[in-house]
Amino acid sequence: MATSMIHIFVTFMLVAAHMAIADTNMLQDFCVADLSNGVKVNGYPCKDPAKVTPEDFYFVGLATAAATANSTMGSAVTGANVEKVPGLNTMGVSISRIDYAPGGLNPPHLHPRASEAIFVLEGRLFVGFLTTGGKLISKHVNKGDVFVFPKALLHFQQNPNNAPASVLAAFDSQLPGTQVVGPSLFGANPPIPDDLLAKAFGVGAPEIQKIKGKFPPKK
């Protein structure tokens, strides 16, 4: 009898778990983000459907190249995530445009919440990512090519040529997040201790201070 009750209980829990997973799908047509509400619990609260407009699903910012002249790395990212397109809330997708000046670099970074696929609009790029085992997966990609970066792995794009380049980047998250290696480590606020970074990178404290000078602390 006890064994039968255990089997029933286990079966019930498995069914309940399956139902809970199934319920992660949206239970309405859309949930346009109410950006005026500061509360976020794994996304934004829903805007009143009666106040939803076509503009909540619309964005024109990817039509033209962004200025790269003022970028220290020679690249500029124009994001169309939930903060720019409220209609993306709960949909698990977003898109960006990245423009590169000649010699421009989108430095090593990661997206903690998303995989990324780029489509080359113009130019030729050297792109790659690092596996957790330290292997570099890299390739030169040309106009019309697609390259994929796995979720949360360090990756980069470089334009080694004398002409501008640009890509469209698609993400499986409404807000992928971006953590750039240099500013994150050397521009942290409060700062990471010099001796810790010096030991981690096998250099002296003066070298760490010099690098930190290039990355103002985040506010």
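Residues numbered from 1 in each chain as written. Predicted model: local features only at pLDDT ≥ 70, side-chain atom pairs only at ≥ 80, totals over all residues. Heavy atoms only, no water.

## Digging into the nonpolar core
In this structure, Ile118, Leu125, Val127, Phe147 and Val167 are the most contacted members of the largest nonpolar core, which totals 16 residues. Elements supplying a minimum of two residues to this core: strand S2 (94-100), strand S4 (116-122), strand S5 (124-130), strand S7 (146-149) and strand S9 (165-171). In terms of residues, this core owes the most to one element, S9, which gives four residues. In this structure, Ile118 is in contact with Val127, Asp145, Val146, Phe147, Phe149, Gln157, Val167, Leu168 and Ala169, ignoring residues within four places of it in sequence. If you look at the next biggest cluster of nonpolar residues, it comprises seven residues, including Tyr44, Leu62, Ala80 and Val85. (Core = buried A, V, L, I, M, F, W, Y, C linked by side-chain atoms within 4.5 Å. Buried < 20%, exposed > 50% of the residue type's maximum accessible area, 1.4 Å probe, protein only. Helix = DSSP H or I, 4+ residues; strand = E, 2+ residues; numbered from the N terminus. Contact = heavy atoms within 4.5 Å.)

## So, the packing of aromatic side chains
Following the criterion strictly, the structure yields six aromatic pairs and no others. Ring centres 6.3 Å apart and planes at 50° place the aromatic pair Phe129 and Phe147 in the tilted group. A residue pair is termed long-range when its members are at least 10 positions apart, and Phe129 in strand S5 and Phe147 in strand S7 qualify at 18 residues. We note that Phe129, like Phe147, is buried. Where Phe186 meets Phe201, the ring centres are 5.6 Å apart and the plane angle is 40°; that geometry is what we call tilted. One end of the pair, Phe186, is in helix H2 (residues 181-186); the other, Phe201, is in helix H3 (residues 194-201), and 15 residues separate them in sequence. What makes Phe201 partly exposed here is its relative accessible area of 45%. Here a set of aromatic residues connected by ring pairs shows up, and it is made of Phe129, Phe147 and Phe149. (Phe/Tyr/Trp six-rings, centres within 6.5 Å; stacked < 30°, edge-to-face > 60°.)

Function cannot be read off these values alone, since they describe shape.
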